[in-house]
Amino acid sequence: MKAAGIIFSNIHDKEIKELTANRTLASVPFGGRFRLIDFVLSNMVNSGITKVGIITKENYQSLMDHVGSGKHWDLSRKNGGLILLPPYGMSGTTLYKSRFEAICNTEQFLRRSEEDLVVMSDCDNVCNLDIAKVLAEHVRSSAEITVVYRRKTLSEAAPRDRTLFELNPESGRVTRTMNVSKAHGEHNVFTNMLVAGRRFLLSIIDNAPARGFTSFSKDILTRTGEFRIFGYPLEGYFASIDDLQSYYRISMNLLKKENRDMLFYQNGANIYTKVRDSAPLVTTESADIANSIIADGCVVEGEVKNSILFRGVRVSKGASVTDSILFQDSCVGRDTRLNCVVADKQAVILEKRTLSGHETHPYFIAKNSVI
């Protein structure tokens, strides 16, 4: 069966507000040259999905600039391809406030699609998933919904609500769905990725007013007796971005080769992004670089260790950048010291500054700031 994709670009913006003040979560830079949406888009394309709708809400100019026509993911097509779905799906609709309202606003997209299945995903996940296997399992089990979950140990200090599943160990059918604000111990945790039948989704949308459906997780996923809901366990590398601290931690984990190999080179499935033509990295005799990811277009004259530098970053002579993430076109002045810093695009740190955070609480510099 063929499948279409739906991506939610704004759902978790409030949870990482430092980086989403001027952009969607989907367009947050990651890993030196990627954006978060690249991972879910690449997973869909690698699995043979050629029609993808991206649900937008606000601050999506940078997202539009990044995805463009979709050609970098082979989605620039006459039929299907990449489609940006605006906040208002049709006349009379309002700006969505929940995932369920966002799905309802895609009604016309769903009705005009010919695919039998729909893959839905948020952009807070960093993984390399073969969605074709999830689709095959969905068909095999005659499921109406297949949720992708992972086995994870939670602490009560988790920064956001979680959707947890209990499953029949033999059939894999979900027997209970729990939406909890605080949970600890080992659980089957929803990854915010699922597969559903297109006609099933349309029937949910059509019946929502009469049945009082307002939440997908609370009104749909909890009806395990009424709907055929099955689970698919996600294995391999997976990271969920919940806040600035987790973004920093997950980014730093990419400095380990085994994590990069699992994420970017798993089973030959590539992660694609917008290609830019930039000059190669320039280093001088005074440069000292160790265990770092540095994009093209950077100029390094100082020390860079255990850090991630995006395109066009300049580190001046005598400067030291350690355990930090510098976004595109940031500039570090002479004799400046940065430690555990996350600097947004075009941030300028002048000469002889000393800025330090901690790995559990990185120091954040907003876009276009001058310090």
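What counts as what
- Residues numbered from 1 in each chain as written.
- Predicted model: local features only at pLDDT ≥ 70, side-chain atom pairs only at ≥ 80, totals over all residues.
- Heavy atoms only, no water.
- Helix = DSSP H or I, 4+ residues; strand = E, 2+ residues; numbered from the N terminus.
- Rg over C-alpha atoms; globule rule 2.2 N^0.38 Å.
- Buried < 20%, exposed > 50% of the residue type's maximum accessible area, 1.4 Å probe, protein only.
- Contact = heavy atoms within 4.5 Å.
- Areas by Shrake-Rupley, 256 points an atom, 1.4 Å probe, with all protein chains shown as cover.
- Lys, Arg positive; Asp, Glu negative; His and termini not counted.
- Charge placed at Lys NZ, Arg CZ, Asp CG, Glu CD.
- Salt bridge = Lys/Arg side-chain N within 4 Å of Asp/Glu carboxyl O.

Some words on the overall build of the protein
If you tally the helices and strands in the protein, you get 9 helices and 28 strands. Computed over C-alpha atoms, the radius of gyration of the protein comes to 22 Å, within 12% of the 21 Å expected from 2.2 N^0.38 for 371 residues, which places it in the range of a compact globule. Burial statistics for the protein: of 371 residues in total, 53% are counted as buried. Within the protein, counting contacts between residues at least 6 apart in sequence, those at least 24 apart form 57% of the total. Of the roughly 16,500 Å² that the protein leaves accessible, carbon and sulfur atoms contribute 45%. Once the 47 positive and 42 negative side-chain charges of the protein are each reduced to a mean point, those two points are 2 Å apart.

Quick notes on the pattern of salt bridges
According to the stated counting rule, one finds 17 salt bridges in the structure shown. The salt bridge involving Glu 186 is made with Arg 151; its shortest N-O contact spans 3.7 Å. You can see Glu 186 sitting in strand 11 (residues 185–197) and its partner Arg 151 sitting in strand 8 (residues 145–154), a full 35 residues away along the chain. Of the charged contacts, one joins Lys 305 and Asp 288 as a salt bridge, the two residues approaching to 3.8 Å between their closest N and O atoms. Linking Lys 305 in strand 18 (residues 303–305) with Asp 288 in strand 15 (residues 288–290), this pair joins segments that are 17 residues apart in sequence.

Some details on unusual backbone geometry
The backbone of Asn 192 shows a phi angle near 65 degrees, a positive value even though the residue is not glycine. Position of Asn 192 relative to the elements: it lies in strand 11. Overall, Asn 192 belongs to the buried group, its relative accessible area being 12%. In this model, Gln 346 sits at a positive phi of 60 degrees, which is unusual for a non-glycine residue. Note that Gln 346 resides in the loop between strand 25 (341–343) and strand 26 (348–349).

A few points about helix 1 (residues 37–46)
Among the 10 residues in helix 1, 9 count as buried, and that is most of the element. For helix 1, the complete set of buried residues consists of Ile 37, Asp 38, Phe 39, Val 40, Leu 41, Ser 42, Asn 43, Met 44 and Val 45.

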